[in-house]
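# Structural description and commentary
So the chains spell out like this:
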Amino acid sequence: MRSWSAAEVPSLPVAAPQVCVFDTSTGQVVPTEPTGGARLYVCGITPYDATHMGHAATYVGFDLLHRAWLNAGHDVHYVQNVTDVDDPLLERATKVNVDWQDLAARETDLFREDMEALRVLPPRDYIGAVESIPLVIELIEALQQAGAIYQVEDDLYFSVTADVDFGTVSGWDREQMLAIFGERGGDPDRPGKRDPLDCVVWRGERPDEPSWPSPFGPGRPGWHIECAAIALEHLGTSFDVQGGGSDLVFPHHEMSAGEVQVAHPGQKFARAYLHAGMVAYDGEKMSKSKGNLVFVSALRRADVDPMAIRFTLLRQHYRSDWEWTDDLLWDATNTLDAWRLVVANPAGAPALPVVQEVLAALADDLDAPRALRAVQGWMEASRGGDTTDPDASATIRNLLDAALGLVI
Ligand code: 5CA
Ligand code: ZN
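Residues numbered from 1 in each chain as written. Chains lettered and ligands numbered in written order. Predicted model: local features only at pLDDT ≥ 70, side-chain atom pairs only at ≥ 80, totals over all residues. Heavy atoms only, no water.

Counting secondary structure elements, the protein contains 13 helices and 14 strands. Relative to the 2.2 N^0.38 estimate, which gives 22 Å for 408 residues, the radius of gyration of the protein is 22 Å and therefore close to what a compact globule would have. Overall, the C-alpha framework of the protein stretches about 75 × 45 × 35 Å when taken along its three principal axes. Counting every position in the protein, which comprises 408 residues, the buried fraction comes to 58%. (Helix = DSSP H or I, 4+ residues; strand = E, 2+ residues; numbered from the N terminus. Rg over C-alpha atoms; globule rule 2.2 N^0.38 Å. Buried < 20%, exposed > 50% of the residue type's maximum accessible area, 1.4 Å probe, protein only.)

Next up, the structure:
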């Protein structure tokens, strides 16, 4: 699939330190140690509605990792999927009476525009589920060889017990898993399953649903195997970071990891699993299914500066759960205006210590709020009359752009 275009990343006077991130599977901040380029997979959208602030926060969060690695001198191989065939997309297309492919294409285009406006650096490989069906079939065949697949009516299931490490991504116990599996696309109560937690990898053809031919009969891919197959093909095993929102910890990331690890015994799926916090609105998680949404595209149409949207998102730590309010956006808009007035003067307080502090904050589990506090301190010192650094403003503007994707 076509990705979107990249904003230029200015170079900085010093390199960023080694990037450390909070890994869900170990519950610790761990150093990333990319060898031969950093490899990142982030779960992409299911394109049945426009990009909301929750999506935007997640992708801006991982954009900080992308930028931190670039600033540390790594080449970054970033892969993202588009779940362009799945139950929620087909259900919405039927409900609004549009062709599911047209709906997916339209919403994916809008997502690309939103990402460009927010200066989120694009993935090198932007890959749809539909175009990856041959990869999914290949992975299911490998899992069959490993004895980890069985059939229930026309559907194929992955046996979670085949993965000796099952449960180590989320760290959840069975009870927690069973409590949530049904809410997140699973079918724990289906008769004929060997384990209630087993997940569908190939869904046999149903009337009025799209299907593709396969050695297992016509059907379509299950959700988790889509990301497993795409990540495996484009990044290999043991890539550096698997990412997404915290709603994907279980079952999605647990299952994707299990499927790859059973097909490739002895290998890890990813070295670290990063999860962004959930953005709420009106007291509940912002979600397409609940309809409590603030869309990036709607704000853009209302002439809101996309940098003010990005600034609002950056003021929250990527791992926190928080609630979007219009006041946060207005406050970010006012602060940006004030910052722009300060950098209109080329001279300011010494910039180099700020560069170092911002890069250190981002290398320490992508702490954008700490980075922004350092910049705020520089703004106050400069506004207060410290003009000892004649080119400080240019350095600070480059820093904001390179490290935080903010153009002021
Ligand atoms: N296509 C799958 C992933 S393979 C999917 O979850 N799509 S999605 O459109 O529902 O979500 C896209 C990304 O946004 C996921 O990483 C998800 O975790 C994240 N996300 C969804 N809702 C929120 C929210 N309210 N706050 C933060 N992130 C969110
Ligand atoms: Zn995914």
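The environment of ligand 1 is made up of 24 residues, and the closest members are G44, T58, T83, D247 and K288. A distance of 2.8 Å separates a nitrogen atom of ligand 1 from a polar atom in the backbone of G44. At 2.9 Å, a side-chain N or O of T46 approaches a nitrogen atom of ligand 1. Considered class by class, the residues forming the shell around ligand 1 number nine nonpolar, twelve polar and three charged. (Near = heavy atom within 4 Å. Polar contact = N/O pair within 3.5 Å; in protein donor to acceptor, adjacent residues only side chain to side chain. Nonpolar A, V, L, I, M, F, W, Y, C, P; charged D, E, K, R; others polar.)

Turning our eyes to something else, we now look at the pairing of strand β8 (residues 199–204). Among the six residues in β8, five count as buried, and that is most of the element. Sheet topology note: the β8/strand β9 (residues 219–221) ladder contains three bridges and is antiparallel. What sits directly across from W202, in β9, is P221. (Pairing = 2+ DSSP bridges.)

The next subject is the nonpolar core. Residues M53, L65, W324 and L404 are the most contacted members of the largest nonpolar core, which totals 79 residues. Here this core takes ten residues from helix α1 (residues 53–71), the largest share from any one element. The residues touching W324, leaving out its near neighbours within four places in the chain, are M53, V279, A280, Y281, M286, V294, L299, T312, L313 and L329. Residues Y48, A148, V201 and V262 belong to the second largest nonpolar core, which totals 55 residues. (Core = buried A, V, L, I, M, F, W, Y, C linked by side-chain atoms within 4.5 Å. Contact = heavy atoms within 4.5 Å.)

Once that is clear, we can look at the side chain of D389. As for its position among the elements, D389 is in the loop between α12 (368–383) and α13 (392–404). Here D389 is buried and forms no salt bridge, its nearest opposite-charge partner R397 lying at an N-O distance of 14 Å. Within the structure, the side chain of D389 is placed 3.2 Å from the backbone nitrogen of D391, a separation counted as a polar contact. The contact partners of D389, leaving out residues within four places of it in the chain, are P346, A347, G348, A349, P350 and A351. (Lys, Arg positive; Asp, Glu negative; His and termini not counted. Salt bridge = Lys/Arg side-chain N within 4 Å of Asp/Glu carboxyl O.)

Enumeration according to the criterion identifies 14 aromatic pairs in this entry. Considering the side-chain rings of W4 and F111, the 5.6 Å spacing of their centres and the 90° angle between planes classify their relative orientation as edge-to-face. Remark: F111 occurs in helix α3 (residues 100–117) and W4 occurs in the segment before β1 (20–23); sequence separation between them is 107 residues. Since its relative accessible area comes to 6%, W4 is described here as buried. For F111, a relative accessible area of 0% translates into the label buried. An aromatic cluster of at least three residues, connected via ring pairs, comprises W4, Y59, F111 and Y126. (Phe/Tyr/Trp six-rings, centres within 6.5 Å; stacked < 30°, edge-to-face > 60°.)

Considered domain by domain, the protein is made up of domain 1 (20–285) and domain 2 (306–404). Between the C-alpha centres of domain 1 and domain 2 the distance comes to 33 Å. Each partner contributes to the interface: domain 1 provides 27 residues, whereas domain 2 provides 24 residues. The largest contributions to the domain 1 side of the interface with domain 2 come from M53, L64 and L118, which together make up 23% of the buried area. In this structure, D401 and R119 form a salt bridge, with 3.3 Å as the shortest nitrogen-oxygen distance. Summed over the shared surface of domain 1 and domain 2, the result is 17 residue pairs in polar contact (both at pLDDT 80 or more). Elements with a minimum of two residues in the side of domain 1 that touches domain 2: β1, α1, β11 (270–276) and β12 (279–281). It is α1 that contributes the most residues to the side of domain 1 that touches domain 2, ten residues altogether. (Domains from an automatic or database assignment. Buried area = accessible area lost by both parts, 1.4 Å probe.)

What follows covers the coordination of the zinc ion (ligand 2). Taken together, C43 (SG), C227 (SG) and H252 (NE2) make up the full set of protein donors to the zinc ion (ligand 2), lying 2.0 to 2.2 Å away. All donors of the zinc ion (ligand 2) belong to a single chain; written as a sequence motif, their spacing is C-x183-C-x24-H. Here C43, found in the loop between β3 (38–42) and α1, pairs with C227, found in helix α6 (residues 223–235); they are 184 residues apart in sequence, far enough to count as distant. Note on accessibility: C43 and C227 belong to one class, buried. (Donors = N, O, S within 2.8 Å, 3.2 Å for Na, K, Ca; no water.)

Let us look at the packing of helix α2 (residues 87–96) against α3. Following both chains from N to C, one finds α2 and α3 inclined at 110°, their axes separated by 9 Å at the closest point. By the angle between their directions, the pair α2 and α3 is classed as roughly perpendicular. On α3, the residues touching L89, L90, R92 and A93 of α2 are W100, L103 and A104. A per-class count over the contact of α2 with α3 returns six nonpolar, no polar and one charged. (Axes fitted to C-alpha atoms, helices over the stretch in contact; angles between N-to-C directions. Parallel < 35°, antiparallel > 145°, perpendicular 65-115°, else oblique.)

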